Amino acid sequence: NKSAELHIVLTERMNIFADELKATGLTISTLRSESVFSASTVKKGVSKVKRIKASLEQNTIEAELINTQERDIGLENVTDYKSQLDEFKRISEPLSVLWECSGNYLNETIRWYSTHLKELNAEKIENDADSMRRTVLKVRKKFLQFDMPQSTYFLSLSLSLSPTKT
């Protein structure tokens, strides 16, 4: 029967998608709980942020396609993926901002420390550093709302207070 086959295919698709959502949630969770902040960790964090953003875009598209397929086969109530995806986006947004800012901070401090003083533009450095500090201060407020682990909070604090040498 054609209807039964469509239900089986849809169920398989939904199971695969559930695994993809779990993987996205796990990646977000690892960013939330990071406790070692070396140059390599920051680079990995920035890479994870990019993967999370791409995953969330793909997951949103897949959720819409699954919902369309559910409606096409006559299901009255479609699966609510939107709530979970919205929660992932809400939690990952400040983490993304922090890790991207951390990556910029790492790259800029390396450049600042490796460039001759007379070649540096002090005004641009001051503006860039101040912009990063303001970004971290804004993100810190969101961490308090989301009950982020202390380690992530302390990363934001250390980035806002002092330069690091690599």
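In the block above lies the structure referred to throughout.
Treat the numbers as computed from the prediction; the structure is a model and nothing was measured.

1. What about the pattern of salt bridges?
- Enumeration over the complete set of coordinates arrives at nine salt bridges.
- The salt bridge partner of Glu100 is Lys53, with a shortest N-O separation of 2.6 Å. Here Glu100 is found in helix H3 (residues 82-114), whereas its partner Lys53 is found in helix H2 (residues 39-72), with 47 residues between them in sequence.
- Taking relative accessible area as the criterion, Lys53 reaches 38% and is therefore assigned partly exposed.
- Salt-bridge contacts for Lys142 lead to Glu93; the nearest nitrogen and oxygen are separated by 3.5 Å. One end of the pair, Lys142, is in helix H4 (residues 122-146); the other, Glu93, is in helix H3, with 49 residues separating them in the sequence.

2. Some remarks on the packing of helix H1 (residues 2-32) against H3
- Look at H1 against H3: their axes get within 10 Å of each other, and the N-to-C directions meet at 35°. Along this stretch, H1 crosses H3, giving a crossing that reads as left-handed. In contact with Leu21, Thr24, Gly25, Ile28, Leu31 and Arg32 of H1, H3 contributes Gln84, Leu85, Phe88, Ile91, Ser92, Leu95 and Trp99.
- Along the lines of polarity and charge, the residues of the contact of H1 with H3 split into eight nonpolar, four polar and one charged.

How each quantity is defined
- Residues numbered from 1 in each chain as written.
- Predicted model: local features only at pLDDT ≥ 70, side-chain atom pairs only at ≥ 80, totals over all residues.
- Heavy atoms only, no water.
- Salt bridge = Lys/Arg side-chain N within 4 Å of Asp/Glu carboxyl O.
- Helix = DSSP H or I, 4+ residues; strand = E, 2+ residues; numbered from the N terminus.
- Buried < 20%, exposed > 50% of the residue type's maximum accessible area, 1.4 Å probe, protein only.
- Axes fitted to C-alpha atoms, helices over the stretch in contact; angles between N-to-C directions.
- Left-handed = near helix turned anticlockwise from the far one by under 90°.
- Contact = heavy atoms within 4.5 Å.
- Nonpolar A, V, L, I, M, F, W, Y, C, P; charged D, E, K, R; others polar.

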